[in-house]
Amino acid sequence: MLHLPIYLDHNATTPCDPRVVDTMLPYFSQSFGNAASRHHSFGWQAQAAVDQGREQVAQLINAEPTEIIFTSGATEAVNLAIKGVYETYNSKGAHIITCSIEHKAVLDTCKHLEKKGADVTYLPVNEKGLVNVEELEAAIKSTTILIAIMYANNEIGTIQPVAEIGRIAKEKNVLFFSDATQAVGKIPVDVIRDNSDLLALSAHKFYAPKGVGALYVRRKAPRVKLTAQMDGGGHERGLRSGTLNVPGIAGLGKACQLCLDETQKDAAHTSRLRDKLEKALLKIEGTSVNGDAKSRLPQITNLSFAGVDSEGLLMALGKEIALSSGSACTSGSLEPSYVLKALGLSNEAAHGSLRFGLGRSTTEEEIDYTIEKVSAAVQDLRGLNPFWKEVSAKLKR
Ligand SMILES: *Cc1c(COP(=O)(O)O)cnc(C)c1O
């Protein structure tokens, strides 16, 4: 049975897995203690939940539990990583390398630091959204202290050559931070293999609640030092003061454990349905894929429909299919997606794009229904577009 509306916006957020909710429930009203309360069993129970969550997060990314700092999500983890490195190491140099299609959490943090004297290089990407590794290597200067390149993009799903970047960073003695918010839980992430020094993740992108995330901070070879961005009780080894979100951490840990067991299964399921959806929609004249078809997250496709405005498409579909034209954080603005613009798309093509984000619970019926509805909506909107005949003639040339 098909239930409407259909949720195809899993890159904006995911529903909590019921097993994650079950794991969290005891920590609201029963074992509600403060993990920093050292002198009674309420505190000990909370601490035990935090310890377990920390181990589960560490295991998923091949880190040590002591290398995991809990935060309120990826935005906070990104801020702590980039500002924390800058404030610690800027006596050595003030140069940071990042790229043009990073999430706003990274771009706006870099802009903030530029006002404080940082020298930031924003590397371009190619038409698939990939950073050029040679260009990155050439951008490294004696003053470079940090490379911040995302693991996978939230709008198009392109996966960067993270292991290669990590190898170069290590060779050049520069710290490497990756915003892995879209990658963790969807593809295997391994901080040892990738030579990651810092890595951000967020629970709500892989079936755990909003408002909790983590920053991985390497402790050996090299031992990364950070300047805390939050002052207070000295929680999380002084790097992130504030009472820990015990239910959230328990849920994040459980989600990590589930991903360890189920990522392969999830990826096979979503990529099969994604490929079916993509293949069917590409049959519509004037439709193209944005991003790298090879190096891409398994559950996403971003498509441009010529002669159609995505706002109109979203309005036509919105009651039945929950989709997005770009990232949740920047949609609502009339500017075309800066990610799609960075790939070289025209304003019109960027305005005619939709992101389909599938998830663990997406069904074949939902995909069949989506194919039917999107195809019909595109035809309808083109029928209303006085310029469609011209656009179509151009496409045929
Ligand atoms: C969602 C997202 C963020 C922000 O994460 P929050 O936990 O919501 O703050 C950062 N980077 C990427 C790539 C994301 O997809």
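Residues numbered from 1 in each chain as written. Predicted model: local features only at pLDDT ≥ 70, side-chain atom pairs only at ≥ 80, totals over all residues. Heavy atoms only, no water.

Engineer: An account of empty space enclosed by the protein is requested, with residue identities and associated values reported.
Structural biologist: Gaps left between atoms show up when a probe the size of a water molecule is rolled over them. What the rule picks out here adds up to 1 cavity of 30 Å³ or more. Estimates place the volume of the largest cavity at around 130 Å³. Together, 16 residues line the largest cavity, and Gly-185, Lys-186, Tyr-207, Asp-266 and Gln-299 are the ones closest to its centre. Here the lining of the largest cavity gathers at least three residues from each of two domains, domain 1 (6-13 + 262-395) and domain 2 (18-258). (1 Å grid on protein atoms, 1.4 Å probe; cavity = no way out; pocket = protein on both sides within 12 Å on 5 of 7 lines; lining within 4 Å. Points joined across faces, edges and corners; volume = space filled by probe spheres on them. Domains from an automatic or database assignment.)

Engineer: Which residues make up the domain arrangement of the protein, and what values do they have?
Structural biologist: Parsing the protein into structural domains produces domain 1 (6-13 + 262-395) and domain 2 (18-258). Each of domain 1 and domain 2 has a C-alpha centre, and these two points are 29 Å apart. Between domain 1 and domain 2, roughly 2,700 Å² of surface is buried when both sides are summed, and carbon and sulfur atoms account for 53% of that area. On the domain 1 side of the interface with domain 2, the three residues burying the most area are Leu-297, Tyr-338 and Arg-360, jointly 23% of the side's total. In this structure, the salt-bridge partner of Glu-262 is Arg-19, at a minimum N-O distance of 2.8 Å. Where domain 1 touches domain 2, the interface holds 16 residue pairs in polar contact (both at pLDDT 80 or more). Among the secondary structure elements, those contributing two or more residues to the side of domain 1 that touches domain 2 are helix 8 (246-282), strand 10 (300-305) and helix 10 (338-342). Top contributing element to the side of domain 1 that touches domain 2 by residue count: helix 10, with 4 residues. Residue composition of the side of domain 1 that touches domain 2, grouped by class: 11 nonpolar, 14 polar and 5 charged. (Buried area = accessible area lost by both parts, 1.4 Å probe. Salt bridge = Lys/Arg side-chain N within 4 Å of Asp/Glu carboxyl O. Polar contact = N/O pair within 3.5 Å; in protein donor to acceptor, adjacent residues only side chain to side chain. Helix = DSSP H or I, 4+ residues; strand = E, 2+ residues; numbered from the N terminus. Nonpolar A, V, L, I, M, F, W, Y, C, P; charged D, E, K, R; others polar.)

Engineer: Which residues make up the packing of aromatic side chains, and what values do they have?
Structural biologist: Counted by the stated rule, this structure contains 1 aromatic pair. Relative to Phe-42, the ring of Phe-32 lies with its centre 5.2 Å away and its plane at 40 degrees, an arrangement referred to as tilted. One end of the pair, Phe-32, is in the loop between helix 2 (26-29) and helix 3 (41-61); the other, Phe-42, is in helix 3, with 10 residues separating them in the sequence. Exposure remark for Phe-32: the relative accessible area of 49% places this residue in the partly exposed category. Its relative accessible area of 37% is what places Phe-42 among the partly exposed residues. Looking at Arg-360, its charged tip hangs above the ring of Tyr-207, at a distance of 4.2 Å from the centre. (Phe/Tyr/Trp six-rings, centres within 6.5 Å; stacked < 30°, edge-to-face > 60°. Buried < 20%, exposed > 50% of the residue type's maximum accessible area, 1.4 Å probe, protein only. Lys NZ or Arg CZ within 6 Å of the ring centre and 35° of its normal.)

Engineer: Outline the environment of Asp-275, supporting the account with residue identities and numerical values.
Structural biologist: Tracing the chain through its elements places Asp-275 in helix 8. Relative accessible area serves as the criterion here: at 38%, Asp-275 is assigned to the partly exposed category. Sequence-wise, Asp-275 and Thr-301 are 26 residues apart; in three dimensions their C-alpha atoms are separated by 8.5 Å.

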